[in-house]
Amino acid sequence: MADPEETAPVPVHHALQDIDDAIAGRIMRKIDWRIMPLLFITYGFNFMDKTILSSAAVFGLKEDNNLVGQEYSWVSSVFYFGYFLWTYPTTLFIARLPVGKYLAGTAVFWGIVVALTAACSNYGGLVTVRFLLGMAEATVSPALMFITSTWYTRDQIPKRTGIWFAGNSVGGIVASLLAYGIGHIEDKVGPWRWMYIVLGVATFLWAFFLLFLLPDEISKAKFLTVEERQWAMDRVVIAGTGKTENTTWKWDQVLECLQDPKTWLIWCIALLCQIPNGGTQNFANLVIKSFGFTSLQSTLINIPYSIITVIAISGTGWLAGHFRSLNCILAALIVVPPVVGSALIVKRAAIPSGASLFGYFLLSTGPSALPLILSLIQVNFKGVTKKMTMTALIFIAYCAGNIAGPQLFISTEAPTYPTAFRAIMTCYALAICLCILLRFYLQFMNTQRCKTEGIESSAGTSGAVGGKVNDATDGRTVTEIINEVQLRPEDYDDVTDWKTFGFRYRL
C-alpha cells in the first residue's frame, strides 16, 4: 500500500468554507427529501410488480392460464432467469450511463411488461412476460445501491439502504390492500388481470417522476447550489467510498473483487437467504390458504407480515448505521426467527394451527437480511468497478436463490410443503454461521491493516485523504473534517479498498 505522506500536498479547494453543522443538516435534509422518496417508491413498485403473482394465483391466474403440476413454480422462477441474464450488463450501464435517465427508461419498459401480463392466457405467455419483467427489474436494486453510495457517507449508507429497502414491505402492504379491493371485482376481465393493469400503468407513470426529479450525479443536482454540490461531493470522498462520477471500467478491479475472500463469504450468505425468499414470496398466499383462510383473507393476512418486515428492516438499518461493528451480528440475529418459524411449520401436523400461523409470521424478519448484506457491500467495497462487480455477483446469487426456492415447493406436497420448509430452516441456519465467520474475517483484516500501516483508523471514513487519515470519532464531525481537509487531485481517484491507506472495514 502506498504511503499517503509520500506525495506533497497540492491545494485544490475547500468545500463551503466554515460551514457549520446546522447548514450541513439543512443540505442533508434537501438531499434526503429529494433522493429517498424516489428510491423508496421505486423499490415499492419493484416489489409489488414482482410479487403480485402470489395474489393473482389465488384469484384465477392459474386456472385462466391452465397451469398444471410445477408450471406455476416455473412461472415464479423464470423471472429470475431474466434477472440473471441482465444482471451483469446492467451494472456496466449503471456505472457508464446517466443513472437517473437509465432507471427511468427501465421503469417505462417494466411498466409496459407488467400491464401486458393481463393479456396472457397460457403458460407460454406467462413465462415470456415474467422473463422480460426479470430483465427489466434487474436494474433497480443495483441502481439504487449505486445512487446511495454516490450520495451518502459510510455511516449513513446502512440507514438509507434500510429506508428504501423498506419500500419492499410497504409495497407488500399496498399490494395486499390492492389485491383485496380488486378481488371483489366480478366482470369478464377478472380480478387478477385488473391487478396487473393497475400496477403496470402506475409504474409507467412513475417513470416520468424519475426522469425529471432524479439527478444523474451530484454535480448535476439542480436542487443544490454550486457550493452545496461541491460540499456533497467532497463529503463522500472524505467519509464515503469515493466519487462515482466520470469513472471508467477497470478490469484489474474486477480481478481484485474475484480474489477477495469477503466477496465469496457475502455471496454465500446472500444465496442462502434468497433460497427461502424465492419460495415464500411466490407461495405465501397459497400457504396461508392452507391454514383454512379464503382467498380474500389471505391477502389481508400478509399485511401484518409486511408491517413486521418494515420494522425489522428499518430497525436493523438504523442500528447498523449507528454502530460500525453490528452489521454481521444483526444479519445473523435477524434470521433466527425464520429458523424457528420454519421448524414450527414443518411440524404443523403435530401442533395447533395457531402455532403454525405464528411460525409463518416469524418468517417475516428473513427479508431484513438482504438490505444488511447490501449495506456491507456499499460500505466495504471501494472502487466503482469493484463495487459494481460485487453488486452483479450478489444479484446472481439473488437470482440463483430465487430460482431454486419455488422448486422446493413440490406440487405433490401441497398444501403443507414439508420439503420446502425444511430447506428454509437449513438455509437460514447456515447463513447464521457464515455471518459470524464473515465478522471474524473482517475483524482480522482490520487488525492486520493496523499492524501493517502502523496506525489506528476508522470504519467511518474513506481512509487517507488530503495526505492523512481523518477520523470523525476523535471529537470532530464529518462537517468539521471537510472544512479542515485540503483535498488533493489524487483523492478523487477511483481506488479500491485494498489499495487505500487507512481504509477499515465495517463489521
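Every value quoted in this text rests on a predicted model; they were computed, and no experiment measured them.

The rules we used
- Residues numbered from 1 in each chain as written.
- Predicted model: local features only at pLDDT ≥ 70, side-chain atom pairs only at ≥ 80, totals over all residues.
- Heavy atoms only, no water.
- Helix = DSSP H or I, 4+ residues; strand = E, 2+ residues; numbered from the N terminus.
- Buried < 20%, exposed > 50% of the residue type's maximum accessible area, 1.4 Å probe, protein only.
- Disulfide = S-S within 2.5 Å.
- pLDDT = per-residue confidence, 0-100.
- Contact = heavy atoms within 4.5 Å.
- Polar contact = N/O pair within 3.5 Å; in protein donor to acceptor, adjacent residues only side chain to side chain.
- Phe/Tyr/Trp six-rings, centres within 6.5 Å; stacked < 30°, edge-to-face > 60°.
- Axes fitted to C-alpha atoms, helices over the stretch in contact; angles between N-to-C directions.
- Parallel < 35°, antiparallel > 145°, perpendicular 65-115°, else oblique.
- Left-handed = near helix turned anticlockwise from the far one by under 90°.
- Nonpolar A, V, L, I, M, F, W, Y, C, P; charged D, E, K, R; others polar.

Undergrad: How should unusual backbone geometry be read in this particular structure?
TA: The phi torsion of most residues other than glycine is negative, and most of the peptide bonds are trans. For Asn66, which is not glycine, the phi torsion reads 55° and is therefore positive. Looking at where Asn66 falls in the secondary structure, it is placed in the loop between α1 (21–64) and α2 (71–96). Given the relative accessible area of 55%, Asn66 is considered exposed.

Undergrad: Any chance you could explain the state of the cysteines here in plain terms?
TA: Linking two cysteines covalently via their sulfur atoms produces the bond known as a disulfide. Enumeration according to the criterion identifies zero disulfides in this entry. Take Cys268: it sits in no disulfide, and the sulfur closest to it among the cysteines is that of Cys273, at 11 Å. Cys399 takes part in no disulfide bond, and the closest cysteine sulfur, belonging to Cys273, lies 15 Å away.

Undergrad: Teacher, can you tell me more about the confidence of the model for the protein here?
TA: In low-pLDDT regions, the fine details of the predicted coordinates are not to be read closely. Residue-level pLDDT values for the protein average 85, and 90% of them are 70 or greater. In this model, residues 1–16 is a region of pLDDT below 50 whose contacts with residues beyond four sequence positions or in other chains number 47 contacts.

Undergrad: Which parts of the structure should I look at to understand the environment of Asp497?
TA: Within the fold, Asp497 resides in the segment after α19 (478–484). Taking relative accessible area as the criterion, Asp497 reaches 0% and is therefore assigned buried. Placed 115 residues apart in sequence, Asp497 and Lys382 show a C-alpha to C-alpha distance of 4.6 Å. A polar side-chain atom of Asp497 sits 3.1 Å from the main-chain amide nitrogen of Lys382.

Undergrad: Explain the packing of aromatic side chains here, please?
TA: Aromatic rings considered in pairs are described by the distance between their centres and by the relative angle of their planes. As enumerated under the stated definition, the model contains 26 aromatic pairs in all. On the numbers, 6.3 Å between centres and 35° between planes, the contact of Phe45 with Trp206 is tilted. Taken as a pair, Phe45 in helix α1 and Trp206 in helix α8 (residues 191–213) lie far apart in primary sequence, 161 residues in all. Across the pair, Trp206 and Phe45 agree in class, each one buried.

Undergrad: What should I look at first to understand the packing of α1 against helix α7 (residues 167–182) in this one?
TA: The relative placement of two packed helices comes down to the angle between their axes together with the axis-to-axis distance. Interaxial distance between α1 and α7 falls to 7 Å at its minimum, and their mutual angle equals 40°. Taken together, the axes of α1 and α7 are oblique relative to one another. In this structure, α1 meets α7 at a crossing whose hand is right-handed. Between α1 and α7, the residues in contact are Phe40, Tyr43, Gly44, Asn46, Phe47, Met48, Ile52, Ser55 and Phe59 and Gly167, Asn168, Val170, Gly171, Gly172, Val174, Ala175 and Ala179, respectively. Residues that form the contact of α1 with α7 fall into these classes: ten nonpolar, seven polar and no charged.

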